[in-house]
Amino acid sequence: MEPTQIQNLFAGNIRQLLIEADLDYDKLYEIRLRVGRPLFLTYDGGECFLRSSGQEQYLVTREDLQETLEYVTGYSLYAYEEEIRQGFLSVQGGHRVGVTGKVILDGNRIRGMKYISCINVRLAHQKIGCADEIMPYIRQGDWVANTLIVSPPRCGKTTLLRDIIRQLSNGNETVSGMTVGVVDERSELAGCYQGVPQNDLGMRTDVLDGCPKSEGMQMLIRSMSPQVVAVDELGREDDYHAVESVIHSGCKLIATAHGNSMEDVLSQPLFQKLLAARVFERYIVLGRGSYAGVVEAIYDAEGALC
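Conventions we followed
Residues numbered from 1 in each chain as written. Predicted model: local features only at pLDDT ≥ 70, side-chain atom pairs only at ≥ 80, totals over all residues. Heavy atoms only, no water. Helix = DSSP H or I, 4+ residues; strand = E, 2+ residues; numbered from the N terminus. Rg over C-alpha atoms; globule rule 2.2 N^0.38 Å. Buried < 20%, exposed > 50% of the residue type's maximum accessible area, 1.4 Å probe, protein only. Contact = heavy atoms within 4.5 Å. Areas by Shrake-Rupley, 256 points an atom, 1.4 Å probe, with all protein chains shown as cover. Pairing = 2+ DSSP bridges. Axes fitted to C-alpha atoms, helices over the stretch in contact; angles between N-to-C directions. Right-handed = clockwise from strand over helix to strand, strands pointing away. 1 Å grid on protein atoms, 1.4 Å probe; cavity = no way out; pocket = protein on both sides within 12 Å on 5 of 7 lines; lining within 4 Å. Points joined across faces, edges and corners; volume = space filled by probe spheres on them. Nonpolar A, V, L, I, M, F, W, Y, C, P; charged D, E, K, R; others polar. Core = buried A, V, L, I, M, F, W, Y, C linked by side-chain atoms within 4.5 Å.

Helix and strand counts for the protein chain stand at 10 helices and 15 strands. Against the compact-globule benchmark of 19 Å for 306 residues, the protein chain has a radius of gyration of 20 Å, which places it among compact chains. Residue burial in the protein chain is summarised as follows: out of 306 residues, 47% are buried. Restricting the contact set of the protein chain to residue pairs at least 6 apart, pairs at least 24 apart contribute 61%. When the accessible surface of the protein chain is split by element, carbon and sulfur atoms take 46% of a total near 15000 Å².

And the structure:
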């Protein structure tokens with residue numbers, strides 16, 4: 001990860017603090033700016049704040065926030081109006097910038113946001129090879145398992161899914177690569193910037209960026225002839241029919257879901273239906289550990305440990 005690329009997103013005062021802190025950016029996950037509050041970092045599994053010379057801690061000003069927002073949007077806030085309406089935007093490098101403030105409503109629809117009071121920069125971390133140990137459970141020769149990755153927040157499910165996609169797409173010396181279609185609803189998997197993926201998802205991967213999962217899965221089936229479809233964070237009821245269309249078309253599905261355990265996920269109506277339909281052939285459960293992507297258990301379609 002290039003530190004200068006991250007530092008240049010921020011207002012001058014904050015940029016200088018980041019430079020002086022001499023951080024290991026491979027261990028930095030979030031930089032959070034709140035007006036009138038300390039400048040917080042999520043760093044190597046914990047939280048810390050930065051100090052300026054002669055101060056106990058640096059307090060973020062409204063000017064810091066405004067200047068940072070100008071850098072992030074390239075001085076064209078209007079051009080990112082649609083992204084801000086969704087609460088986040090992606091920047092070069094695949095990093096994700098979340099914003100909060102006063103929401104502008106048009107009836108029940110969010111039309112935009114003003115008086116932005118918090119910016120959270122989430123750094124994209126790609127760990128090439130992190131899926132090596134689980135790939136034999138997912139792919140054997142020409143066979144690929146419909147797979148669900150179950151994980152609590154911040155335990156590496158998106159990072160793991162990203163590497164699975166890359167490995168399926170590229171293949172290796174023993175198995176050929178496959179065409180993979182990715183529906184990247186929140187721009188986290190590919191981290192597209194101006195339509196171009198910033199993360200390596202493999203040479204045979206096509207990405208629908210910022211597209212709702214239920215519509216995107218069906219769009220890919222109709223137009224791109226994928227062998228595998230990959231999505232992050234299944235969970236809505238309307239995802240069910242899209243998953244059905246993927247399976248019935250003969251494609252394989254690799255997906256993730258939020259949950260602290262298998263029981264937690266399978267208590268949700270969507271996954272109860274998918275379990276009854278025996279959609280998934282592998283369940284990979286992640287847990288909290290000293291690094292992202294710690295695998296606690298792998299189950300087959302019958303619920304037996306692999």
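Structure's up, so let's keep going.
One open sheet holds the 6 strands; their spatial order is β3-β2-β1-β6-β5-β4, and the pairing between them is antiparallel. For this open sheet the edge positions go to β3 (46-49) and β4 (88-91), each flanked by a neighbour on one side alone. Along the sheet, successive strands turn relative to each other by an average axial angle of 35 degrees, direction set aside. Bridge count between strand β2 (residues 40-43) and β3: 4 bridges; the pairing is antiparallel. Note on β3: the bridge partner recorded for tyrosine 43 is glycine 46. Where helix α3 (residues 62-72) meets the sheet, its contacts fall on β1 (28-34), β4, β5 (95-106) and β6 (109-122), and the angle it forms with β6 comes to roughly 100 degrees.

Of all 7 residues making up strand β13 (residues 252-258), 5 are buried, and the element is well covered by its neighbours. Where strand β9 (residues 147-151) lies against β13, 5 bridges are found, and the strand directions are parallel. Directly across from valine 150, in β13, lies its bridge partner alanine 257. Traced from strand β12 (residues 228-231) through helix α8 (residues 239-248) to β13, the parallel crossover comes out right-handed.

With that out of the way, let us pick up empty space enclosed by the protein. Evaluation of the coordinates by the stated rule reveals 1 cavity of 30 Å³ or more. Size it by volume and the largest cavity reaches roughly 50 Å³. Taken together, Val183, Asp184, Glu185, Arg186, Ser187, Glu188, Lys213, Asp232 and Glu233 make up the lining of the largest cavity. Class assignment for the residues of the lining of the largest cavity results in 1 nonpolar, 1 polar and 7 charged.

Of all hydrophobic cores here, the largest spans 30 residues; its most connected members are Phe10, Leu18, Ile31, Leu33, Leu39 and Ile119. Those elements that place two or more of their residues in this core are α2 (12-21), β1, α3, β4, β5 and β6. Of the residues forming this core, the biggest block, 4 residues, is contributed by β6.

The next subject is the pairing of β9. Where burial is concerned, most of β9 is hidden: 5 out of the 5 residues are buried. In β9, alternate side chains face the same way, and those of Thr147, Ile149 and Ser151 on one face and Leu148 and Val150 on the other are all buried. When β9 meets strand β14 (residues 282-287), the two strands line up parallel, connected through 4 bridges. In the sheet register, threonine 147 faces β14, and the bridge partner there is arginine 282.

Attention shifts here to the environment of leucine 253. Mapped onto the elements of the fold, leucine 253 is located in strand β13. As a C-alpha pair, leucine 253 and leucine 274 span 21 residues in sequence and 12 Å in three-dimensional space. Not counting residues up to four positions away in its chain, the partners in contact with leucine 253 are Ala145, Asn146, Thr147, Met217, Val229, Val231, Val243, Val246, Ile247 and Phe280.

Turning to the sheet that holds β14, a few remarks are in order. The mixed open sheet is built from 7 strands, whose spatial order is β11-β10-β12-β13-β9-β14-β15. Looking at the sheet topology across the chains shown, the edges are occupied by β11 (205-209) and β15 (294-300). Taken pair by pair, the neighbouring strands of this sheet meet at an average axis angle of 15 degrees, ignoring direction. By the bridge criterion, 4 bridges tie β12 to β13 in an arrangement that is parallel. If you follow valine 228 over to β13, its bridge partner there is lysine 252.

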